[in-house]
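# Residue-level structural notes
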Amino acid sequence: MSSQENELRRHVIDAARAYYDFKHKPKKVFKPGDRIPYAGRVFDEREIEYLIDAALDFWLTTGRYAEQFERSFAQFLGARHCSLTNSGSSANLLAFMALTSPKLGERRINKGDEVITVAAGFPTTVAPIVQYGAVPVFVDVTLPTYNIDCSQLEEALSEKTKAIMVAHTLGNPFDLEHVKGFCDKHHLWLIEDNCDALGAKYYQNGEWQYTGTIGHIGTSSFYPPHHMTMGEGGAVYTNDTTLKRLIESYRDWGRDCWCASGHDNTCRKRFDQQFGELPLGYDHKYVYSHFGYNLKVTDMQAAIGCAQLEKVPQFVEVRKQNWQLLKNELAELDHFFVMPEATTNSDPSWFGYLLTVREGVGFTRDQIVQHLEAKGIQTRMLFAGNLIKHPCFDEMRATKDGFRVVRDLPTTDRIMHDTFWVGVYPGMTESMLHYMVEQIRYFCRK
């Protein structure tokens, strides 16, 4: 890069940093009644600088920042491989589809095979299973962790079971020791949907490990409300090199070649191989071993991610502090609400503070939610509540085909009716958190 180019680039970036100070740098002091979002992006001039730097390259698709992020994110998690994609939902799709590859032989997931999961969560944990033609098998969850009920796993098991695909609920790890042990015992795949739990840890085999790295594949989302953001974006990570190549094949059109974008002949056999019924020596860059997609991320998104990744440890600590403040201040209301608790042997990276209204307290979940929203405090349900009660399951439920439920799902149904959560994200100030506490207390005492 010439000195003139360096000077011009620095001038543009300096102007962008000045614009951040003018336009985006937080200046407003919270006043009661101001809107308190449940989550949001937290950034400074560093993200702007990286974004402009990537934009000036005008490479647009996956490039140097994407490569840097994949290396740094894998290193942060302690995983061998990280593959960037365009959303957390795409990450879940790629994680699941990788396990359907014919290259896995007898271990591949075939249409009609079963995958154990839960209905109390976000739909894109389950959607890839249904869309492929496998069968989700739903088990209940438990309070106060809001995670999979491990006591139902043996009952959920059948000769068709091939995998467990389940999320760590709102940053609280599920019982990985039990679930991983069950998978190992029965030779099942384990996909950890880690989209709401980046930075959470679980004590396993005498050491703390990041969630998402204990199963065979983990996934993350970088949508703005999540622990870090690229605007849109996601990642799939694994310690298995074979799975990494399958993930990237499905991400990159289904190709057999694993050359990085802009590179040729990594395998040194580009024109020397035989595939399917293609002519001998057909260009390996255009050989497709899977029916794949184009789910790559842009380098501008990855650049933002590189800046955000520097802040993740701080983000996680602030989330923990905010969650603990709410827990301490709301403890006196435990006769009104089921209060959330961390899973044994876990160190959660909280995404929100869950409250489940107890029976017979004189008010409903909907009433307190309406009060908080009227006071400017944004609330959220625990995503789908009970996914199988949604319109997307109408046809499947009517025909009783395409999914299976272990017993009933009483706790999942209770969550659907009685549970909500408020935010703990790093953009919240103590005055915001204390106002939330004040309004929850006021409503309960009223």
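## What to know about the overall build of the protein
- Check the secondary structure of the protein and you find 14 helices and 16 strands.
- Relative to the 2.2 N^0.38 estimate, which gives 22 Å for 446 residues, the radius of gyration of the protein is 23 Å and therefore close to what a compact globule would have.
- Principal-axis analysis of the C-alpha atoms gives the protein an extent of 80 × 65 × 45 Å.
- Considering the protein as a whole, with its 446 residues, one finds that 54% of them fall into the buried category.
- Contacts spanning at least 24 positions in sequence make up 74% of the contacts within the protein whose residues lie at least 6 apart.
- For the protein, the accessible surface area stands at approximately 20,400 Å², while carbon and sulfur atoms represent 51% of it.
- If the 49 positive side-chain charges of the protein are averaged to one point and the 56 negative ones to another, these points end up 2 Å apart.

## Brief notes about a nonpolar patch on the surface
- Where nonpolar side chains cluster on the molecular surface, the patch consists of Trp253, Leu278, Tyr282, Tyr286 and Tyr288 and spans about 540 Å² of accessible area.
- Looking at the element boundaries, Trp253 is found in the loop between helix H8 (241-251) and helix H9 (299-309).

## Side note on unusual backbone geometry
- Cis geometry is found at the peptide bond from Leu143 to Pro144, where omega equals 10°.
- Along the chain, Pro144 falls in the loop between strand E4 (141-142) and strand E5 (147-148).
- One non-glycine residue, Phe58, adopts positive backbone phi at about 55°.
- Among the structural elements, Phe58 can be located in the loop between helix H2 (45-57) and helix H3 (64-77).
- Overall, the relative accessible area of 61% leaves Phe58 in the exposed class.
- We note that Trp253 has phi near 70°; this positive angle belongs to a residue other than glycine.

## Description of the side chain of Asp53
- Its place among the elements puts Asp53 in helix H2.
- Judged by relative accessible area, which is 12%, Asp53 ranks as buried.
- A polar contact of 2.6 Å, which involves the side chain of Asp53, links it to the side chain of Tyr65.

## Some remarks on H3
- Here H3 spans 20 Å end to end across 14 residues, near enough to the 20 Å set by a 1.5 Å rise per residue.
- Listed in full, the buried residues belonging to H3 are Tyr65, Ala66, Phe69, Glu70, Phe73, Ala74, Phe76 and Leu77. Summarising the axial view, the buried residues of H3 lie within an arc of 155°, below the 170-degree limit, and thus occupy one face. With respect to the buried face of H3, the exposed residues turned more than 90 degrees away are Arg71 and Gln75.
- One or two positions beyond H3, positive phi appears at Gly78, with a value near 80°.

## Let's talk about the pattern of salt bridges
- One pass over the full model with this rule turns up 35 salt bridges.
- Between Lys103 and Asp256 there is a salt bridge, and its shortest N-O distance comes to 3.4 Å. Pair noted here: Lys103 is in the loop between helix H4 (88-98) and strand E2 (114-118) and Asp256 is in the loop between H8 and H9, with a separation of 153 residues, a long-range link.
- A residue is classified by how much of its surface remains accessible, and Asp256, at 14% relative accessible area, is buried.
- When the shortest N-O distance is used, the salt bridge between Lys180 and Asp184 registers 3.0 Å. Here Lys180 pairs with Asp184, and both are found in helix H7 (residues 176-186), just four residues apart, close to one helical turn.
- Here the residues in one salt-bridge network are Glu5, Arg9, Asp53, Asp57 and Arg64, joined through shared partners.

## Observations concerning the pairing of strand E16 (residues 419-423)
- Extensive coverage of E16 is indicated by the burial of five of its five residues.
- Judged from the five bridges that link them, strand E14 (residues 352-357) and E16 form a sheet pairing that is antiparallel. Following the sheet pairing, Gly352 is matched in E16 by Gly423.

## Some thoughts on the sheet that holds strand E9 (residues 207-210)
- The strand order across the open sheet formed by three strands is E9-E8-E13, and the pairing between neighbours is antiparallel. Edge positions in the open sheet fall to E9 and strand E13 (346-347), since each of these has one partner strand only.
- Of the strand pairs in this sheet, strand E8 (residues 201-204) and E13 are connected by two bridges, and their pairing is antiparallel. When the bridges of E13 are listed, Tyr202 appears paired with Ser346.

Calculation rules
Residues numbered from 1 in each chain as written. Predicted model: local features only at pLDDT ≥ 70, side-chain atom pairs only at ≥ 80, totals over all residues. Heavy atoms only, no water. Helix = DSSP H or I, 4+ residues; strand = E, 2+ residues; numbered from the N terminus. Rg over C-alpha atoms; globule rule 2.2 N^0.38 Å. Buried < 20%, exposed > 50% of the residue type's maximum accessible area, 1.4 Å probe, protein only. Contact = heavy atoms within 4.5 Å. Areas by Shrake-Rupley, 256 points an atom, 1.4 Å probe, with all protein chains shown as cover. Lys, Arg positive; Asp, Glu negative; His and termini not counted. Charge placed at Lys NZ, Arg CZ, Asp CG, Glu CD. Patch = residues over 30% accessible without salt bridge, like charges linked within 9 Å, V, L, I, M, F, W, Y side chains within 5 Å. Salt bridge = Lys/Arg side-chain N within 4 Å of Asp/Glu carboxyl O. Polar contact = N/O pair within 3.5 Å; in protein donor to acceptor, adjacent residues only side chain to side chain. Expected span 1.5 Å × (residues − 1). Arc of directions from axis to C-beta. Pairing = 2+ DSSP bridges.

So far we have only geometry, and geometry alone does not tell us how the molecule works.
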